[in-house]
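Examination of the molecular architecture
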Amino acid sequence: MRPFDYHRATDLDDASGHLNASTQIIAGGTNLLDLMKLQVMTPQQLVDINRIDGLDRIEPEGEGLRIGALVPNSDLAGDERIRRNYPVLSRALLAGASGQLRNKATTGGNLLQRTRCPYFYETAMPCNKRDPGTGCAARGGATRMNAVLGVSEHCIAAHPSDMAVGMRVLGAEVEIRRADGSHTRKTLDELYSLPGERPDIETTLSPDDIITAVILPAPVAPSVQSYRKVRDRASYAFALVSVAAVVQVEGGKITRADLAFGGIASRPWRDPAVEAMLVGETPSIDLFRAAGKRLVAAAETQPGNAFKLPMVRRTLAGVLAEATGLSEPTTGTDNVGEIA
Amino acid sequence: MTDMFRMDKPQPRLFDETVQGVIGKPLDRPEGLLKVTGRAPYAAEVPEANMVHGVLVRSTITRGRLTGIDKSALEGLSGILGVIRSPEFVRNSAQGMANEAPIQPEDHVAYFGQPMALVVAETFEAARDGAHRLRLSYETEHAEIDPTTTSEIDTKPDSFGDLDSAMAQADVTIDQKYSTPGQVSAAMEPHASIAWWEGDNVTLRGSYQMLRFNRNELADSLGIDPENVRILSPYVGGGFGSKLGIGSEAVAAAIAARELGRPVRVVMSRQHVFDMVLRRSETHQRLRLAAKADGTLLGIGHEDRVSNLPGEEFSEPTAMATHFMYGGENRLYNHEIARIHRTPSGSVRAPGEAVGMLALESAMDELAEVAGIDPVELRLRNLPEKHPEKGVPFSSRRFEDCLREGAKEFGWENRTPTASRREGDWFIGCGMSGAGRANMLVPSEARVTLEGDRAIVETDMTDIGTGSYAILTQIAAELLGLPMDRVETRLGDTRFPGASGSGGSVGAGSSGSSVFLAAKKIRARLAEAMGCAEEDLTLQDGIARSGNIQKPLSELAATAMTEEGGIKPGAMGKEFFQAGFGAHFVEIGVNAITGEARVRRMLGVFSAGRILNEKTATSQCIGGMVWGLGAALTEELQHDPRTGGIVSRDLANYHVASHADVPMIDVRLLPERDDQANPMQAKGIGELGISGAGAAVTNAIYNACGVRIRDFPATPDKIIAGLEALGR
């Protein structure tokens, strides 16, 4: 860890005034502090937003919910409204990290956690995300945890978040406060950049932007929601692949099939073409397998992560079979009833 | 000098005569409350006055020579006291019982992650920052890092009879290859040392398993007399072999403390523990089994390739248990040691059995399948009368009872045919395996003092979480007729008599016997004071009785009685083969879609002579079984294919089994007395639980879904590949 200054922000204006390219917001700190100890991140100043009022609430917003950026992952997962109307998000949260980490990690921070690519952490080896222009040591290295979709020549890092996959499938938007005091919203598609030639630039945020909330749209009801995470051990492991689904079936046809994927891509992944080929169709295993093939058609695999293709195809088919009633629902698949 | 009792013949079963009633009981650890309330100070937690902090700097090349140290990036940092580097620095930890300095490589680099220098500062934070900024320059040399392709191989063949002929004549054969990845001990407490000098004498507060050896290793590393070295390790937060030999952090701390004239603390980061501490070698194994139609073995072949750095004595003894578990006249071994430039390998819990039994017990399961014989029955048909290679009898061996009673308790007869039981998305199956771990006695000494109705036990034995404090207290309390709280056990100080240390499952039997013998001498003195024969003396709750005479110990031992006891191996270790045995039974679920395997229940039945404390012995077995589960399903060191450096170097990426992976584990300990083992009739149990455990898990996976995992661990990707190959 490099010596750094610390500023405890009193309000958003104060926080915003201290933000620039060499400072960093700290909320839960569950990822940032690890990275600072390893000098993967070396901010000159931390701007602590934990004492800013009003960022830790979950409130109605139209027919949806506004989740303050400082709401801890544990609280969000346990919130009665989330569990009832957005169970896929609750499941995704509980599939991530450990109880201690979820108590500390925040909604905003979770969205912005950094990749777990081992070469991002290994400061003795090149990494374009850590040190732009040095190269990608993951290529040709140990790639079990790396991405197969949305990668570039310069970076094959996977986005590690479970929560963000749940948010993405729900069509959540982040509320951003700009330096001039105005607020704007971005979908997660708009928030996350693809690595391209600058994998160090992970979002479209400016250094002095602050995520103040995540907005969930009105619940999809009735629907079947599911989060299935496949990992190397039963707890405290990042996803090899994960599948989040919000599915509606009417009159024997799929009328909605929102799908998001974790563990396989540079950012929480959605593929509109896959969803489109499901909607209007009669559920069948063959259809689900075809959807899986379509999903990974453009995948670029490494020797160490090619297994993710059959794994995500199978998992997707299993999730869709449960969500459409072809097979019995298991833990992780929930029914959301009509909203009273 | 303590007179050393030599174990040449069976000894009376004194613990079956004593009446205090504490031996064997599932008693709590005397120090347990201190540990769970954070008051048991571990190595790094006792700061010395004026202490400064050192952080090791690792090599970031695989092989070569250090050519320079650039300290310019440290200029202007506050609190930096210096960059320490010395020809006395060690390349890696000493191997267990080395008793001499590890290799001191000077400028040579032999692996990625080797400790090269120590940055010392007034604060830990400054030292860590400085260590990160320090720039080392090197001349690099070509390095072999892949054990499967390197040409530098040491070979140790061994054989009995003619395995090839046996394979040709056999009705059924198995010839399969298995592999296991490297592992690390990943003890909860990272390696840590605080060193300080008083004149020519250095004291080291460290986290070590074998102080008698560690003292000599540190002295040899520093070029000083062992008399000038004192090591303190009263509490050790897990060792599993990784703290057997003196480590780089201890030597660096001592050198820095000498150079700076201040106490120096060096704590390895979790990443450094992965980089610099001895790992368990990966293994590549070939198992051949030749059997008659009825399953009787005609021969066993167990060939293996393991790896280590050039110059390291140790090599993972993969076939250790294969030598004695099962019969068959024709036996072949070929032990290959690939000399490669990775973090060197050493002893990790149950070296040999932990990985060798994965292959042997998998192969036995495959043989049972091919021969159409129940796996339990196959093992029962192959229990050798005598050690199949040495020809000597076994001491006590209840392997058959472990198999039979385990099968009964588990409900083995309800096991269904391969891939025939399904609950929703889950294939359900059961598997089993045998377990075995050789028992050894090594020299050990202890001192016991009885003063009034209180006793003190002193030995440089360690308690690495195993329960040494508990059992040594129980042994003295039982023999002296005292309640537990009247006996204080002091461990982990080289000023006490030298013990076996903790390793190789020898601690309980060896150091326990030394306490037993010292306490027995005090019994003899009490008998003399009572005017009776030793066998007529009864001691209980501080009262001595003989016939109708009764006297309190407070009177008999008003003047303190101090005795030393010592034990060393003798004829019993040569004339008999001693081992603990067991059997594992596992029920597992395998997800038919995602390939995830989740153990649903696990039973281990073991026999290891007299059990000294049922609770700590059971905990040892559970711990071993959990590790076996992890070896089967999750644990794997990943190396960078270009540098050989360890990639999975923290506990988020190196997957020890999590709580959610571990179901309720049942352990049963069968009553047994091993008269040949030692005067307590007890055998080692610390490493028995891991032996074979993982094979029972993968055998259960096969029974569940028909996928045979031969490359450990059985991660979901491998199971999916197997399912797809079967069209599932």
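The model shown is predicted, which means the values in this text are computed figures rather than measured ones.

Describing the overall build of chain B
When helices and strands are tallied, chain B shows 16 helices and 28 strands. Its C-alpha radius of gyration of 26 Å places chain B within 12% of the 27 Å reference for a compact globule of 728 residues. In terms of overall dimensions, chain B has a C-alpha envelope of 85 × 70 × 50 Å along the principal axes. Residue burial in chain B is summarised as follows: out of 728 residues, 65% are buried.

Side note on the overall build of chain A
A tally of helices and strands in chain A yields 13 helices and 12 strands. If one aligns the C-alpha atoms of chain A with their principal axes, the spans along those axes are about 60 × 50 × 35 Å. Burial statistics for chain A: of 340 residues in total, 59% are counted as buried. Long-range pairs, those at least 24 residues apart, make up 64% of the contacts in chain A between residues at least 6 apart in sequence. Carbon and sulfur atoms make up 48% of the accessible area of chain A, which amounts to about 13,100 Å² in all. Separation between the mean location of the 38 positive side-chain charges and that of the 40 negative ones in chain A comes to 6 Å.

Digging into the domain arrangement of chain B
Residue and element names in this part refer to chain B. Partitioning chain B into domains gives domain 1 (4-40 + 442-567), domain 2 (43-143 + 185-276) and domain 3 (388-440 + 575-725). Taking only C-alpha atoms into account, the centre of domain 1 sits 34 Å from that of domain 3. On the side of domain 3, 22 residues touch domain 1, which itself brings 34 residues to the contact. Both faces considered, domain 1 and domain 3 share a buried interface measuring about 2,200 Å² in area, 54% of it formed by carbon and sulfur atoms. One can count four salt bridges joining domain 1 with domain 3.

A look at the nonpolar core
Residue and element names in this part refer to chain B. In this structure, L450, I475 and L526 are the most contacted members of the largest nonpolar core, which totals 50 residues. When contributions to this core are tallied by element, the ones reaching two or more residues are β19 (444-451), β20 (454-458), α10 (468-480), α11 (507-530), α12 (553-556) and β25 (561-569). Looking at this core, the element that brings in the most residues is α11, giving nine residues. In this structure L526 touches L450, L537, L539, L553, L556 and M561, once residues within four positions along its chain are discounted. Counting 43 residues, the second-largest nonpolar core is a separate cluster that includes A291, M364, I373 and F585.

Thoughts on unusual backbone geometry
P222(A) follows A221(A) through a cis peptide bond whose omega is -5°. Mapping P222(A) onto the fold places it in the loop between β8 (210-216) and β9 (223-231). Cis rather than trans, the peptide bond between F712(B) and P713(B) has omega equal to -5°. The topology assignment puts P713(B) in the loop between α15 (693-705) and α16 (716-725). One non-glycine residue, E106(B), lies in the positive phi region at around 50°. Positive phi values are uncommon outside glycine, yet A186(B) reaches one of about 50°. Its relative accessible area of 18% is what places A186(B) among the buried residues.

What to know about the UniProt feature "domain: Aldehyde oxidase/xanthine dehydrogenase a/b hammerhead" (unreviewed entry) in chain B
UniProt records the feature "domain: Aldehyde oxidase/xanthine dehydrogenase a/b hammerhead" (unreviewed entry) at residues 37-142 of chain B, using the numbering of this structure. End-to-end, the C-alpha atoms of residues 37-142 of chain B are 51 Å apart, and along that stretch the chain is 9% helix and 32% strand.

Quick look at the side chain of S514(B)
Residues and elements named next belong to chain B. You can see S514 is positioned in helix α11. A relative accessible area of 0% places S514 in the buried class. Within polar-contact distance, the side chain of S514 engages the backbone oxygen of S511 at 2.6 Å. In contact with S514, not counting residues within four places along its chain, are S444, E445, A446, G565, G566 and I567.

Here's the deal with the domain arrangement of chain A
Domain parsing of chain A yields domain 1 (5-51) and domain 2 (223-336). The C-alpha centroid of domain 2 of chain A is placed 36 Å from the C-alpha centroid of domain 1 of chain A.

Quick look at the environment of E369(B)
Residue and element names in this part refer to chain B. Residue position: E369 is located in helix α7 (residues 353-371). For the pair formed by E369 and D401, sequence separation is 32 residues and the distance between their alpha carbons is 23 Å. Beyond its immediate chain neighbours, meaning those up to four positions away, E369 contacts T418 and Y702.

With respect to the sheet that holds strand β28 (residues 665-669) of chain B
Residues and elements named next belong to chain B. The strand order across the open sheet formed by five strands is β17-β18-β26-β27-β28, and the pairing between neighbours is mixed. The open sheet terminates on both sides in strands that have one partner only, identified here as β17 (422-423) and β28. Across 10 bridges, strand β26 (residues 579-591) lies against strand β27 (residues 597-607) in antiparallel orientation. Bridged to H584 within β27 is G604. Helix α9 (residues 399-410) contacts β18 (426-438), β26, β27 and β28 of the sheet and is inclined by roughly 30° relative to β26.

Considerations on the sheet that holds β8(A)
Residues and elements named next belong to chain A. On the basis of which strands lie adjacent, the open sheet formed by five strands has the order β4-β5-β8-β6-β7 and antiparallel pairing. Both outer strands of the open sheet, β4 (58-61) and β7 (183-187), are each paired with one neighbouring strand and no more. Pairs of neighbouring strands in the sheet enclose a mean axial angle of 30°, with direction left out of account. In this structure, β4 lies alongside strand β5 (residues 64-68), joined through four bridges in antiparallel fashion. Directly across from P60, in β5, lies its bridge partner L65.

What to know about the pattern of salt bridges
A side chain with one charge may pair with a side chain of the opposite charge, provided their charged atoms come close. Residue and element names in this part refer to chain B. Going through the model one piece at a time under the given rule, you end up with 86 salt bridges over all chains. Across the pair E587 and R601 runs a salt bridge, and its minimum N-O distance is 3.1 Å. Placement of the pair is E587 in strand β26 and R601 in strand β27, with a sequence separation of 14 residues. Exposure remark for E587: the relative accessible area of 8% places this residue in the buried category. For the salt bridge of K683 with E672, the shortest nitrogen-to-oxygen distance reads 3.6 Å. In this pair, K683 is assigned in the loop between β28 and α15 and E672 in the loop between β28 and α15, connecting sequence segments 11 residues apart. Just as K683 is buried, E672 falls in that class too. One network of salt bridges, in which partners are shared, links D164, D175, R286, R288 and E303.

Quick word on the pairing of strand β14 (residues 283-291) of chain B
Residues and elements named next belong to chain B. Within β14, seven of the nine residues are buried, which leaves the element mostly enclosed by the surrounding structure. Inspection of the sheet shows strand β9 (residues 172-180) paired to β14 by nine bridges, in the antiparallel sense. Considered in β14, the bridge of D175 is made with R288. Direction of pairing for β14 relative to strand β15 (residues 297-308): antiparallel, over a ladder of eight bridges. The partner of R288 across the bridge, within β15, is G301. What sits between β14 and β15 in their antiparallel hairpin is a turn of five residues, with G295 showing a positive phi close to 95°.

Let's talk about the side chain of S93(B)
Residue and element names in this part refer to chain B. If you trace the backbone, S93 turns up in the loop between β4 (80-84) and β5 (108-109). We classify S93 as buried; its relative accessible area is 5%. Those residues in contact with S93 that sit more than four places away from it in its chain are P102, G245, I246, G247, M276, V277 and L278.

Rules used in this analysis
- Residues numbered from 1 in each chain as written.
- Chains lettered and ligands numbered in written order.
- Predicted model: local features only at pLDDT ≥ 70, side-chain atom pairs only at ≥ 80, totals over all residues.
- Heavy atoms only, no water.
- Helix = DSSP H or I, 4+ residues; strand = E, 2+ residues; numbered from the N terminus.
- Rg over C-alpha atoms; globule rule 2.2 N^0.38 Å.
- Buried < 20%, exposed > 50% of the residue type's maximum accessible area, 1.4 Å probe, protein only.
- Contact = heavy atoms within 4.5 Å.
- Areas by Shrake-Rupley, 256 points an atom, 1.4 Å probe, with all protein chains shown as cover.
- Lys, Arg positive; Asp, Glu negative; His and termini not counted.
- Charge placed at Lys NZ, Arg CZ, Asp CG, Glu CD.
- Domains from an automatic or database assignment.
- Buried area = accessible area lost by both parts, 1.4 Å probe.
- Salt bridge = Lys/Arg side-chain N within 4 Å of Asp/Glu carboxyl O.
- Core = buried A, V, L, I, M, F, W, Y, C linked by side-chain atoms within 4.5 Å.
- UniProt positions renumbered as here; feature names shortened; annotations may be inferred.
- Polar contact = N/O pair within 3.5 Å; in protein donor to acceptor, adjacent residues only side chain to side chain.
- Pairing = 2+ DSSP bridges.
- Axes fitted to C-alpha atoms, helices over the stretch in contact; angles between N-to-C directions.

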